[in-house]
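Per-entry structural report
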Amino acid sequence: MLVAPSVLSADFGNLARDVKAICDAGCDLVHVDVMDGHFVPNMTIGPVVVSAIAKAATKPLDIHLMVENNTFFVDLFAPLKPGYISFHIEEEKNPHRLVQYIRSLGIKPAVVLNPHTPAEAIEYLLLDLDMVLVMSVNPGFGGQKFIPTVVEKIQRLDALRKKINPNCLIEIDGGVTSQNIELLRDAGVDVCVAGSYVFKHESYETAIANLHV
Ligand code: DX5
Ligand code: ZN
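All of these numbers come straight from a predicted model, not from anything done at the bench.

**Section: the nonpolar core**
With 65 residues, the main nonpolar core has Val 30, Val 32, Ile 172 and Val 198 as its most contacted residues. The greatest single-element share of this core, amounting to 5 residues, is contributed by helix H5 (residues 150–164). Leave out the neighbours within four places in its chain, and Ile 172 touches Leu 133, Val 134, Ser 136, Phe 146, Val 150, Ile 154, Leu 184, Val 189, Val 191, Cys 192 and Val 193.

Put into structure tokens, the structure is as follows:
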């Protein structure tokens, strides 16, 4: 299991310090939540702050777009050379084109499924994806409760990707803790995002190690 702490739960007054600390504590990716106040009822950070995160990080960025105008935001963040950019399938009229566009920029493309969106929605995109991000909370806020029905969705997605593109990773985001991580691994998850679990823990190193199952 790869671990991607979500900096949404970091101390924004000490952002560079916290980003360095999770990287030193052994995380694999740095998950960055970008919200525009339209697609989700919350706003977070733009390219100025994300570039400060990129400077402090020693691990690749995993940028999760929760926005209405995906291509505009892809163009804003591409110069920071993130490892992954993910966008919501619910908000994109031409997802296949956007996947190819992200790849053409040298960034790994990923697509996100909201809790109500079935695994089959991305069946014909799977071949072109590096990762699928399954939301296990409704996007917009950290610290929400895990929605258990996503476990079945991950199992279905795991079967689909084994058939179509076994190299495509499955990532989970929302309400991940040491309590549910083994269940998620067994269902087929390869990468976990964890915000409040990591940043509220007294030791980032222990929290990340607990998720490295
Ligand atoms: C929610 C974000 C998540 C969030 C996860 O919209 O996509 O990345 O920060 O936070 P926790 O792990 O606290 O549920
Ligand atoms: Zn996220």
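**Things to note about the pattern of salt bridges**
Following the criterion strictly, the structure yields 9 salt bridges and no others. As a salt-bridge pair, Glu 152 and Arg 156 come within 3.4 Å of each other at their nearest N and O atoms. Of the two residues, Glu 152 and Arg 156 are both situated in helix H5; the distance of 4 residues between them amounts to about one turn of the helix. With relative accessibility at 47%, the residue Glu 152 sits in the partly exposed group. Residue Arg 161 pairs with Asp 158 through a salt bridge whose shortest N-O separation is 2.8 Å. Of this pair, Arg 161 and Asp 158 both sit in helix H5, separated by 3 residues, roughly a single helical turn. Given a relative accessible area of 10%, Asp 158 falls into the buried group. Residues participating in the shared-partner salt-bridge network are Asp 158, Arg 161, Lys 162 and Asp 190.

**Thoughts on the site of ligand 1**
If you check the shell around ligand 1, you find 20 residues, and the closest are Gly 140, Gly 143, Asp 173, Gly 195 and Ser 196. Asp 33 is positioned such that a nitrogen or oxygen atom in its side chain is 2.8 Å from an oxygen atom of ligand 1. For ligand 1, the accessible surface in isolation is 390 Å², of which the surrounding protein chains cover 100%. In terms of residue count, the dominant contributor to the shell around ligand 1 is strand S2 (residues 30–35) (3 residues). Of the residues belonging to the shell around ligand 1, the class tally is 8 nonpolar, 10 polar and 2 charged.

**Topic: the sheet that holds strand S1 (residues 2–5)**
The strand order across the open sheet built from 8 strands is S1-S8-S7-S6-S5-S4-S3-S2, with neighbouring strands paired in parallel fashion. In this open sheet, the two strands that pair with only one neighbour each are S1 and S2. Ignoring which end each strand starts from, the neighbouring axes of this sheet average 25° apart. Pairing of strand S5 (residues 108–113) with strand S6 (residues 131–135), which is carried by 4 bridges, proceeds in the parallel orientation. Counted as the bridge partner of Val 112 is Leu 133 from S6. Running at roughly 165° to strand S7 (residues 169–173), H5 makes contact with S5, S6 and S7 of the sheet.

**Focus: the coordination of the zinc ion (ligand 2)**
The zinc ion (ligand 2) binds to the protein through His 31 (NE2), Asp 33 (OD), His 64 (ND1) and Asp 173 (OD), with metal-donor distances spanning 2.0 to 2.3 Å. Taken together, the 6 donor atoms coordinating the zinc ion (ligand 2) and their angles of 70 to 168° define a geometry best described as octahedral. Taken in chain order, the donor set of the zinc ion (ligand 2) reads H-x1-D-x30-H-x108-D. With His 31 in strand S2 and His 64 in strand S3 (residues 61–66), this residue pair connects regions lying 33 residues apart in the sequence. The burial state of His 31 is the same as that of His 64; both residues are buried.

**So, the packing of helix H1 (residues 15–24) against helix H2 (residues 47–56)**
As a packed pair, H1 and H2 sit with axes 8 Å apart at the nearest point and diverge in direction by 40°. The orientation of H1 with respect to H2, classified from their angle, is oblique. For the element pair H1 and H2, the recorded crossing hand is right-handed. Of the residues in H2, those in contact with Leu 15, Ala 16, Val 19 and Lys 20 of H1 are Val 49, Ile 53 and Ala 56. When the residues that make up the contact of H1 with H2 are grouped by side-chain class, the tally is 6 nonpolar, no polar and 1 charged.

Conventions and cut-offs
Residues numbered from 1 in each chain as written. Chains lettered and ligands numbered in written order. Predicted model: local features only at pLDDT ≥ 70, side-chain atom pairs only at ≥ 80, totals over all residues. Heavy atoms only, no water. Core = buried A, V, L, I, M, F, W, Y, C linked by side-chain atoms within 4.5 Å. Buried < 20%, exposed > 50% of the residue type's maximum accessible area, 1.4 Å probe, protein only. Helix = DSSP H or I, 4+ residues; strand = E, 2+ residues; numbered from the N terminus. Contact = heavy atoms within 4.5 Å. Salt bridge = Lys/Arg side-chain N within 4 Å of Asp/Glu carboxyl O. Near = heavy atom within 4 Å. Polar contact = N/O pair within 3.5 Å; in protein donor to acceptor, adjacent residues only side chain to side chain. Areas by Shrake-Rupley, 256 points an atom, 1.4 Å probe, with all protein chains shown as cover. Nonpolar A, V, L, I, M, F, W, Y, C, P; charged D, E, K, R; others polar. Pairing = 2+ DSSP bridges. Axes fitted to C-alpha atoms, helices over the stretch in contact; angles between N-to-C directions. Donors = N, O, S within 2.8 Å, 3.2 Å for Na, K, Ca; no water. Tetrahedral: all angles 85-135°; square planar, octahedral: opposite > 155°, others 65-115°. Parallel < 35°, antiparallel > 145°, perpendicular 65-115°, else oblique. Left-handed = near helix turned anticlockwise from the far one by under 90°.

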